[in-house]
Amino acid sequence: MTGPPNKRQKRDEYRKAQAGANGSQSGKIELPKKKFYRQRAHANPFSDHALTYPASPSKMDWTGHYPAFVETAQQDGTVATMTKEVEIADVGCGFGGLLVALSPVFPETLMLGMELRTQVLDYVINRIAALRAQNQTSDTKYSPYQNVSALRTNTMKFLPNYFRRSQLSKIFLCFPDPHFKQRKHKARIVSAQLNAEYAFVTKPGGMVYTITDVEELHQWMVKHFEGEEAGDARELWQRVSADDLGLDPCVKIMSEETEESKKVTRNGGKKFIAVFRRKQDPEWPE
């Protein structure tokens, strides 16, 4: 006697049904349901995940991520090129709440979510595809959500493989894994070494946005951007004042629209925010 389907069977049946509906011209395009994309809250960034990544930014093909921003040139055959570069990166994008909220605010800016967990990434990709289909207009380029995408990668290892020097204008680090145990601090997404990499891919005047509900992690991130713990990277970042934060719409969106932020609000928790501006490169000593 066959018992009721288990959770994995239910997920598989849901995915097949959703793929059939979304692939049909007459089917109604629905947003994915998060309960069918469950996975562990965090992933080990030091594990070998057998990831595929470009050898350098010039080798990365973005055309499948942002088809509305592809330009086709007829030179020695048909070559697809991008009309714009990615300028905003959401590191550890989770279920994509920040990307979806930022998309209409910066409709001409390409944004990328970078996520290590496969189930969570599948949800984000299906969410973006559904939103694109639901909001499609005659002019595809200006249809909502054409400027956002996501991919699976480990930013602690491969961030410079995707972005050239001074390419990004904004990086978001929203509610990163706190790694409470001291021996796990090396896995935190903020460190002197990683902050130097953020500085490499961020243009002067660009921003790194951080938010967490863990005060100790907040203090850690501040120290590693501007304190003694920052090492040489301290010369590359300046903390944005509280007055300026109130004028930045990204801070409000980051504080209210991500899934983790909403969870903290529901639970009555505190949110600790720090934003850092990329300085001009210091002069080389004579």
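In this report, we go over the structure that sits alongside the text. (Residues numbered from 1 in each chain as written. Predicted model: local features only at pLDDT ≥ 70, side-chain atom pairs only at ≥ 80, totals over all residues. Heavy atoms only, no water.)

### Thoughts on helix 4 (residues 155-162)
And step 1. The element helix 4 is extensively covered by neighbouring structure, given that six of its eight residues are classed as buried.
And step 2. Among the residues of helix 4, T155, M156, F158, L159, N161 and Y162 are the ones counted as buried.
And step 3. Residues of helix 4 that are buried make contact with strand 3 (86-91), strand 4 (110-115), strand 5 (148-152) and helix 5 (192-201).
And step 4. Its side-chain oxygen 3.1 Å from the backbone nitrogen of M156, N154 forms the N-cap of helix 4. (Buried < 20%, exposed > 50% of the residue type's maximum accessible area, 1.4 Å probe, protein only. Helix = DSSP H or I, 4+ residues; strand = E, 2+ residues; numbered from the N terminus. Contact = heavy atoms within 4.5 Å. Polar contact = N/O pair within 3.5 Å; in protein donor to acceptor, adjacent residues only side chain to side chain.)

### Concerning the pairing of strand 6 (residues 168-174)
And step 1. The buried fraction of strand 6 is high, at seven of seven residues.
And step 2. Summarising the sheet, strand 3 and strand 6 pair through four bridges and their orientation is parallel. Across the sheet, the residue bridging to D90 is F172, located in strand 6.
And step 3. Bridge count for strand 6 against strand 7 (residues 202-212) is six bridges, and the pairing is parallel. Across the sheet, residue I171 finds its bridge partner in strand 7, namely V208. (Pairing = 2+ DSSP bridges.)

### Section: the side chain of T155
And step 1. In this structure, T155 sits in helix 4.
And step 2. The exposure class assigned to T155 is buried, which follows from its relative accessible area of 8%.
And step 3. Leave out the neighbours within four places in its chain, and T155 touches V91, M114, I189 and E197.

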